[in-house]
Amino acid sequence: MDEHLLEVRHLKKYFRTGKNQVQKAVDDVSFYVRKGETLGIVGESGCGKTTCGRTCMGIYEATEGEVLYKGMRVGSLRGKEKRRFTKEVQMIFQDPYASLDPRMKVGDIIAEGMLAHNMAGNGRECMEKVEELLAAVGLSGGHRDRYVHEFSGGQRQRIGIARSLAVEPELIVCDEPISALDVSVQAQIVNLLMTLQEERGLTYMFIAHDLSMVRYISDRVAVMYLGKIVEIAPSGLLYNNPKHPYTRALLSAVPIPDPKAQAERKRFSLRGERTSPANPGSGCRFCGRCDEATDICAQEEPMLREVEKGHFAACHLYKEESASAGPDNGQAGAKGGNAG
Ligand SMILES: Nc1ncnc2c1ncn2[C@@H]1O[C@H](COP(=O)(O)OP(=O)(O)OP(=O)(O)O)[C@@H](O)[C@H]1O
Ligand SMILES: [Mg+2]
């Protein structure tokens, strides 16, 4: 049976940025993450991906809505349950250098979480675990006594991954873990994450700003625009049959390896200015940049609706095709089972 490890229901995270100003970083998103899958979250800089990830991890308090981990409300966890949550849910970051202490030896960085959660046993057992983790991420046991500055970007990310694995997590929120790396190294890290997922039954939320990066690792992909999910679908459907004009524009920026196909395909542009996230207005947030916008788009915010089985888009173009699905259908609430 599909177990929803994480359920996000009507989540809002607003930041107060001035006396009478709020930044609606995440503005009513609902989705779930099944145990063992990878949910990709994609969108331009500032659309709210990191805020969404951090709120799911309980780092930020939700303004409205709720995040459930194994059915427990993340914002209300206390004591033993909270400790279990902080062990089971880990994060890896875009810039491993900033998140790894430069004064600590790599072995100590990796062991830190294990010690904090009483998982290390005696010194010898701890050292063996560190070596096993280094091997699991493609580094050698001898790297244990070195410092982070002695490693390349890709190796640092491997250290960051080993550190998060050390506490035997279930869910890892990967916040642009490969964006700062060379393209050749990016593929290696994605492959490593996929291997680890298979070996250890991990669940990932994988954040990226570019659709090409999440394609191979994601089972499903959510596209965010200005605090909203505008499209969410299994990867195959999203890449082969993108519905939202914004998704199509993002996809048309991804190069196709075949030059003939590349030359022949339709280009979608992202024209115009982005709506201000502080003041999105009443219509569709993408309206001002959309080539296909009609009158209704400026007036009424489109709801996320099911446009084909398991494929949800928030766009007035697809109103007619929709079934009875509202924004919650299959995305929040009880296991809908319709996102296939
Ligand atoms: N602590 C904060 N205080 C005020 N505003 C914030 C805060 N954190 C994020 N924001 C704002 O919320 C919006 C979403 O930011 P967020 O960092 O979540 O976006 P992102 O999609 O992760 O972007 P990037 O791709 O650049 O990492 C942005 O407009 C940002 O300026
Ligand atoms: Mg971010």
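This one's a predicted model, so the numbers in the text were calculated from it and none came from an experiment. (Residues numbered from 1 in each chain as written. Chains lettered and ligands numbered in written order. Predicted model: local features only at pLDDT ≥ 70, side-chain atom pairs only at ≥ 80, totals over all residues. Heavy atoms only, no water.)

*Asks:* Is there a simple way to explain the overall build of the chain in this structure?
*Replies:* Counting its regular elements, the chain contains 12 helices and 12 strands. Sorting the 340 residues of the chain into buried and exposed places 50% on the buried side. Within the chain, counting contacts between residues at least 6 apart in sequence, those at least 24 apart form 63% of the total. Of the roughly 15700 Å² of accessible surface on the chain, 48% is carried by carbon and sulfur atoms. (Helix = DSSP H or I, 4+ residues; strand = E, 2+ residues; numbered from the N terminus. Buried < 20%, exposed > 50% of the residue type's maximum accessible area, 1.4 Å probe, protein only. Contact = heavy atoms within 4.5 Å. Areas by Shrake-Rupley, 256 points an atom, 1.4 Å probe, with all protein chains shown as cover.)

*Asks:* Please explain the sheet that holds strand S4 (residues 64-69) as it appears in this structure.
*Replies:* Backbone-to-backbone hydrogen bonds pair the strands of a sheet. The strands run either parallel or antiparallel. With respect to topology, four strands assemble into an open sheet ordered S2-S1-S4-S5, the strand pairing being antiparallel. Both edges of this open sheet fall to strand S2 (21-34) and strand S5 (72-73), since each of them pairs with a single strand only. Here strand S1 (residues 4-18) pairs with S2 via 11 bridges, running antiparallel. Its bridge partner lying in S2, Glu 7 is registered against Tyr 32. (Pairing = 2+ DSSP bridges.)

*Asks:* Please explain the environment of Gly 201 as it appears in this structure.
*Replies:* Turning to its location among the elements, Gly 201 is positioned in the loop between helix H7 (183-200) and strand S8 (203-208). Sequence spacing of Gly 201 and Glu 37 is 164 residues, and the spatial spacing of their C-alpha atoms is 8.8 Å. Every residue in contact with Gly 201, bar those within four places of it in the chain, is listed here: Lys 35 and Leu 196.

*Asks:* What is the right way to look at the nonpolar core in this model?
*Replies:* If you look at the biggest cluster of nonpolar residues, it comprises 60 residues, and the most contacted ones within it are Met 114, Ile 161, Phe 206 and Leu 211. Top contributing element to this core by residue count: H7, with six residues. If we skip the residues at most four places from it in the chain, Met 114 touches Met 119, Ala 120, Cys 126, Lys 129, Val 130, Leu 133, Ala 166 and Val 167. Judged by nonpolar contacts, the second largest core, of 33 residues, contains Val 33, Ile 41, Met 57 and Ile 207. (Core = buried A, V, L, I, M, F, W, Y, C linked by side-chain atoms within 4.5 Å.)

*Asks:* Before we go on, may I ask you to explain the confidence of the model for the chain in this structure?
*Replies:* For any part of a model where pLDDT is low, the fine detail of the predicted coordinates should not be relied upon. Per-residue confidence for the chain gives a mean pLDDT of 88; residues scoring 70 or more make up 86%. Between residues 320-340, whose pLDDT stays under 50, and residues either more than four places distant or in other chains, the model counts 52 contacts. (pLDDT = per-residue confidence, 0-100.)

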